Amino acid sequence: MEKKIYLDNAATTRTRPEVLEAMLPYFSDKYGNPSSVYEFASQNRKALDEARLTIANSIGAESAEIYFTGSGTEADNWALIATAEAYSSKGNHIITSKIEHHAVLHTCEYLKKRGYEITYIDVDENGIVKLDQLEKAIRPTTILISIMFANNEIGTIQPIREIGEIAKRHKILFHTDAVQAYCQVDINVDELGIDMLSASAHKLHGPKAIGFLYIKKGIKIRSFIHGGAQERGRRAGTENVPYAVGFGKAVEIAMATMKERTRKETELRDYLIKRVLAEVPYTRLNGHRTRRLPNNANFSFQFIEGESLLIMLDMNNICASSGSACTSGSLDPSHVLLAIGLPHEIAHGSLRLTLSEENTYEEIDYTVEKIKEIVDKLRKMSPLYEDFLANTIR
């Protein structure tokens, strides 16, 4: 197939033409600074407010609770660091999980070096946080629980409502990294007990380099970027109006199409999973079988290296990944796969395929056939596989 097949939508998505069209005027004709007082600029303030309202409505929040950021990573950093600083008089203990995105894990490492104590909760073989361990980890000094909504590598969706209830019962703030889950599953921050939520536009066919942090009204966390009075004094810097408008448009489309879009993605995902598991021996699906993101399929193939598989898929015009794009190039196996109990040699042979509604059954069939060919070829080159077969036959 000469056409490029894009199956790495967890890394980023194609910006929709409608989103780009909505953004373009704000790069040229409508270039006013929304913080200025004259009419030309106030039009941009209105566009910014409309985008903020669209996003707020998508999670059952108020406009005043949405703060634009430069990325989901910035939103995660802000939530953890600013909370740690603001509530340091109450305590210095933060709880997270072993399978968080590095935007959270590395921020926790940063805080640990500055005297904060971090507890990393285990997950089960499907990547679901152990709630009993979470509750037992709570101390009088615990100030924040940060657990992702859905895992970016294996797609497992966490019991967010239950985590929110635990946090509320112990009067602890609850932050969730919802970068992968936002506009893929229904989210209502009040119903789920979420105090802070991070998201990013480029995971839902919006532009890169803009995200948001939801901060529940009444939570007194500090500013993350200091300077002017933008974002109600909590994030300084001239607002990125074109990207905010694009974010709002992407959310508008994503929410309007979510039911039908995720239905199609789920059908494609299940078809892909069924074929791979049935037709490629010594393969396992990583993550929960059904309690997973609609577009995520993550496999581990024994006796091969994932990097070789990715290179050969690319040679066949298939874009995929072995996990988070943020760790691309690392020789270490995925911390997520190790956390769910996979040994290093199996974790190294992982493949993440993340779909969009733009993918077709024809593309999936072609991809499965190529996976079969490549895995077979790589295994024939593996002395481990040769020994395995010899011992099995014996």
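Residues numbered from 1 in each chain as written. Predicted model: local features only at pLDDT ≥ 70, side-chain atom pairs only at ≥ 80, totals over all residues. Heavy atoms only, no water.

1. Focus on the pattern of salt bridges
Applying the stated criterion across every chain yields a total of 23 salt bridges. The residue Glu279 makes a salt bridge to Lys372 at a minimum N-O spacing of 2.8 Å. Linking Glu279 in helix H8 (residues 241-279) with Lys372 in helix H12 (residues 361-380), this pair joins segments that are 93 residues apart in sequence. According to the relative accessible area criterion, Glu279 is partly exposed, its value standing at 31%. Accessibility expressed as a relative area gives 27% for Lys372, which makes it partly exposed. One continuous salt-bridge network, built from bridges that share partners, spans Arg275, Glu279, Asp365, Glu369 and Lys372. (Salt bridge = Lys/Arg side-chain N within 4 Å of Asp/Glu carboxyl O. Helix = DSSP H or I, 4+ residues; strand = E, 2+ residues; numbered from the N terminus. Buried < 20%, exposed > 50% of the residue type's maximum accessible area, 1.4 Å probe, protein only.)

2. Some remarks on the packing of H8 against H12
Following both chains from N to C, one finds H8 and H12 inclined at 25°, their axes separated by 10 Å at the closest point. It follows that H8 is roughly parallel to H12 by the angle criterion. Relative to H12, the crossing made by H8 is right-handed. Between H8 and H12, the contacting residues are Glu267, Leu268, Tyr271, Leu272, Arg275, Val276 and Glu279 on the first element and Tyr361, Ile364, Asp365, Val368, Glu369 and Lys372 on the second. (Axes fitted to C-alpha atoms, helices over the stretch in contact; angles between N-to-C directions. Parallel < 35°, antiparallel > 145°, perpendicular 65-115°, else oblique. Left-handed = near helix turned anticlockwise from the far one by under 90°. Contact = heavy atoms within 4.5 Å.)

3. A short note on the sheet that holds strand E4 (residues 117-121)
Strand order in the open sheet formed by seven strands is E2-E8-E7-E6-E5-E3-E4, with mixed pairing between adjacent strands. A single partner strand is all that each edge strand has here, and the edge strands are strand E2 (66-69) and E4. Between one strand and the next, the sheet's axes are offset by a mean angle of 20°, whatever the strand orientation. Inspection of the sheet shows strand E3 (residues 93-97) paired to strand E5 (residues 142-146) by four bridges, in the parallel sense. (Pairing = 2+ DSSP bridges.)

4. Observations regarding helix H4 (residues 102-112)
When we look at burial in H4, the residues that qualify are Ala103, Val104, Leu105, Thr107, Cys108 and Leu111. Looking at the packing, one finds that the buried side of H4 touches helix H3 (72-86), E3, E4, E5, strand E6 (173-177) and helix H10 (335-339).

5. Topic: the side chain of Ser146
Mapped onto the elements of the fold, Ser146 is located in strand E5. Residue Ser146 is classed as buried on the basis of its relative accessible area, which comes to 0%. Within the structure, the side chain of Ser146 is placed 2.8 Å from the side chain of His175, a separation counted as a polar contact. When sequence neighbours within four positions are dropped, the list of residues in contact with Ser146 reads Leu80, Ile95, Thr96, Ser97, Glu100, Val104 and His175. (Polar contact = N/O pair within 3.5 Å; in protein donor to acceptor, adjacent residues only side chain to side chain.)

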